[in-house]
Amino acid sequence: MPDFVGAVDQGTTSTRFMIFDHEGAEVAKFQLEHEQILPRAGWVEHNPIEIWTRTAAVIQTTLQRTGLHDTDLAALGVTNQRETTVVWNPRTGRPYYNAIVWQDTRTDRIAAALDQDERGQVIRDRTGLRPEAYFSGGKIQWILENVSGVREAVDRGEAVFGNTDTWTLWNLTGGVNGGVHITDVTNASRTMLMDLDTLDWDDELLSYFGIPRAMLPEIRPSADPSGYGTTARFGPLGGEVPITAILGDQQAATVGQVCFSPGEAKNTYGTGNFLLLNTGTDRVRSQSGLLTTVAYKFGDQPAVYALEGSIAVTGSAVQWLRDQLHIITSAGQSETLARQVADSGGVYFVPAFSGLFAPYWRADARGAIVGLSRYNTDAHLARATLEAICYQSRDVVEAMQRDSGVVLDVLKVDGGVTANDLCMQLQSDILGVPVSRPVVAETTALGAAYAAGLAVGYWKDTAELRAHWAESRRWNPAWNEERREKAYAGWKKAVTKAFDWTTD
Ligand code: ADP
């Protein structure tokens with residue numbers, strides 16, 4: 001058995017390749033960002049060709065820098081930004097349109113129409129989701145209706161759909177030369193097209209969006225001992241490594257944080273924030289604005305489900321301060337700037353750039369900065385941005401506690417924003433519980449590697465993985481109850497000011 005396991009993490013802002021050893025420790029990592037294409041208000045796209053070129057480049061660079069080869073890898077896992085939609089021609093390898101990213105709101109109208117009759121309830125019951133622009137179904141429909149020739153191409157077998165896991169897998173396994181067209185249950189559970197009980201595409205749901213089944217990938221378990229195929233010999237790995245795991249990024253982070261028992265939860269702070277609570281083999285229906293989703297399915301074992309609180313804009317609000325307002329030059333500087341002041345000076349920032357996701361689900365919301373006085377500075381805005389990340393997380397933690405009765409005694413965190421010490425302290429202050437970050441903060445890639453390694457017997461079982469988890473840092477609440485509740489009440493009021501800004 002080779003010494004290491006690899007993982008491709010095709011994220012929203014960048015693509016990483018990582019190599020892990022038997023202890024789950026990071027051996028190597030390289031990542032490259034790709035362009036965020038913003039053609040008009042509410043639209044967010046990526047170039048799928050750029051994504052694949054960067055994926056190939058990060059793999060090659062990692063191997064070159066470490067001197068490792070394909071033969072050093074026992075297996076490879078793939079994890080990805082979820083919901084982002086690619087439709088391409090498998091004969092030429094060319095996409096018909098840019099990838100429509102999960103944050104893109106152009107299909108609001110498609111989603112709202114579904115919610116006007118009984119179809120909305122069917123979607124809720126069967127998929128665990130709710131009709132929202134966020135999920136892939138409406139995005140595929142938009143491409144079929146707005147890009148000429150695609151519908152006819154489907155009939156000829158010349159147009160297929162995939163999220164970026166499927167796009168990456170197809171390219172890794174050879175592309176036009178025999179690439180496989182496969183996804184896993186976690187990604188499929190984010191399309192509004194899969195029945196959460198049968199774990200198969202559902203013809204009635206497909207009919208709502210006018211999507212032909214022929215263009216959809218085969219749904220497989222998240223870890224599959226028989227594998228989905230091997231990397232192509234002529235591809236970036238230069239040899240045939242079995243690809244044995246696919247997991248959406250948030251589900252991968254749940255595995256990377258070893259949340260294998262019902263009641264265990266993690267919160268990932270990246271472009272957006274995603275809190276997932278393992279509910280075991282039971283599907284728990286939310287009464288509080290959370291989604292029900294597949295956490296993972298390992299081989300023949302039954303699927304494990306999760307309740308999810310998805311927040312669209314957290315780390316990307318920090319990017320907005322950097323790229324649009326230019327009040328900081330790096331994401332890390334948000335901390336230095338925010339530390340110049342002791343509090344946000346009465347300012348609340350509700351970064352509802354893509355509407356508000358959980359637990360509000362208000363597609364009509366847009367960003368709002370409220371409570372301003374002449375006294376306020378860019379430092380207050382930076383602090384309000386970090387606080388907004390934490391208030392939004394408290395909103396979903398409260399929803400999760402209402403739905404599940406599980407009361408968190410500690411919040412396990414990971415993701416890019418957790419490098420921000422002040423933000424994590426504020427999270428603990430605003431939530432009133434300790435916040436804990438593991439040694440390997442790249443839990444998304446780690447989770448994909450774990451699933452891939454389990455499938456080939458590189459790791460024996462989940463108990464072995466659990467033993468790897470170690471805390472690197474813990475933050476304890478410093479605010480008293482009165483300050484916490486007063487500040488949170490202000491946030492709840494601020495959120496209402498963000499409602500009702502779009503009419504379509
Ligand atoms: P994704 O997987 O969604 O691409 P990452 O986990 O790589 O996201 O995190 C990237 C996000 O984290 C970016 O939105 C960036 O603005 C934010 N970020 C990175 N470092 C910091 C920091 N020190 N403080 C605040 N935000 C940060």
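On a predicted model such as this, the values are computed, not experimentally measured, just so you know.

A. Summary view of the overall build of the chain. Scanning the chain from terminus to terminus reveals 16 helices and 23 strands. Its C-alpha radius of gyration of 22 Å places the chain within 12% of the 23 Å reference for a compact globule of 504 residues. Considered along the principal axes of its C-alpha atoms, the chain spans approximately 60 × 50 × 45 Å. Out of the 504 residues belonging to the chain, those deemed buried represent 63%. Within the chain, contacts between residues at least 6 apart in sequence are counted, and of these 72% link residues at least 24 apart. Total accessible area on the chain is roughly 18200 Å²; 48% of this is exposed by carbon and sulfur atoms. For the chain, the distance from the average site of its 45 positive side-chain charges to the average site of its 61 negative ones is 4 Å.

B. View of the UniProt feature "binding site: sn-glycerol 3-phosphate" (unreviewed entry) in the chain. Sequence positions flagged by UniProt for "binding site: sn-glycerol 3-phosphate" (unreviewed entry) are, in local numbering, Thr 12, Arg 82, Glu 83, Tyr 134 and Asp 249. Mapped onto the elements, Arg 82 comes out in the loop between β5 (73-80) and β6 (86-88). When neighbours within four sequence positions are excluded, Arg 82 is seen to be in contact with Trp 102, Tyr 134, Asn 187, Arg 190, Gly 248, Asp 249, Gln 250, Gln 251, Phe 274 and Glu 308. Along the chain, Asp 249 falls in helix α9 (residues 249-256).

C. Fine view of the sheet that holds strand β1 (residues 4-10). In space, the six strands of this open sheet follow the order β3-β2-β1-β5-β14-β13, with mixed pairing throughout. Two strands in the sheet have a free side with no partner beyond their single neighbour: β3 (26-33) and β13 (229-230). Direction of pairing for β1 relative to strand β2 (residues 14-20): antiparallel, over a ladder of six bridges. Looking across to β2, one finds that Asp 9 is bridged to Arg 16. Sheet strands in contact with α9 are β5 and β14 (242-248), and its direction is about 105 degrees off that of β14.

D. The arrangement of the UniProt feature "binding site: ADP" (unreviewed entry) in the chain in detail. UniProt annotation of "binding site: ADP" (unreviewed entry) refers to Thr 12, Arg 16, Thr 271, Gly 315, Gly 416 and Asn 420 when read in the numbering used here. When you line up the elements, Thr 12 lands in the loop between β1 and β2. Among residues more than four places away in sequence, those in contact with Thr 12 are His 34, Gln 36, His 46, Gln 81, Val 101, Trp 102, Gln 103 and Thr 271. With respect to the helices, strands and loops of the structure, Asn 420 is situated in the loop between β21 (411-414) and α13 (421-431). Exposure remark for Asn 420: the relative accessible area of 8% places this residue in the buried category. Setting aside residues up to four positions removed in sequence, Asn 420 forms contacts with Ser 334, Glu 335 and Leu 386. A polar contact is formed between the side chain of Asn 420 and the side chain of Ser 334, at a distance of 3.3 Å.

E. Fine view of the sheet that holds strand β22 (residues 435-438). The strand order across the open sheet formed by seven strands is β17-β18-β16-β15-β21-β22-β23, and the pairing between neighbours is mixed. Two strands in the sheet have a free side with no partner beyond their single neighbour: β17 (291-296) and β23 (471-475). Put simply, the sheet's adjacent strands are angled 30 degrees from each other on average, direction ignored. α13 contacts β15 (265-269), β21, β22 and β23 of the sheet and is inclined by roughly 55 degrees relative to β23.

F. The nonpolar core, seen in detail. Among the nonpolar cores identified, the biggest contains 137 residues, and Phe 209, Ile 211 and Met 215 are the most heavily contacted of them. If one sorts the elements of this core by residue count, helix α12 (residues 378-404) sits on top with 13 residues. Not counting residues up to four positions away in its chain, the partners in contact with Phe 209 are Ile 110, Leu 114, Ile 123, Gly 137, Gly 138, Gln 141, Met 192 and Leu 193. In terms of nonpolar packing, the next biggest core, distinct from the first, is built from 30 residues, Val 8, Ile 51, Ile 182 and Val 241 among them.

Rules behind the numbers
- Residues numbered from 1 in each chain as written.
- Predicted model: local features only at pLDDT ≥ 70, side-chain atom pairs only at ≥ 80, totals over all residues.
- Heavy atoms only, no water.
- Helix = DSSP H or I, 4+ residues; strand = E, 2+ residues; numbered from the N terminus.
- Rg over C-alpha atoms; globule rule 2.2 N^0.38 Å.
- Buried < 20%, exposed > 50% of the residue type's maximum accessible area, 1.4 Å probe, protein only.
- Contact = heavy atoms within 4.5 Å.
- Areas by Shrake-Rupley, 256 points an atom, 1.4 Å probe, with all protein chains shown as cover.
- Lys, Arg positive; Asp, Glu negative; His and termini not counted.
- Charge placed at Lys NZ, Arg CZ, Asp CG, Glu CD.
- UniProt positions renumbered as here; feature names shortened; annotations may be inferred.
- Pairing = 2+ DSSP bridges.
- Axes fitted to C-alpha atoms, helices over the stretch in contact; angles between N-to-C directions.
- Polar contact = N/O pair within 3.5 Å; in protein donor to acceptor, adjacent residues only side chain to side chain.
- Core = buried A, V, L, I, M, F, W, Y, C linked by side-chain atoms within 4.5 Å.

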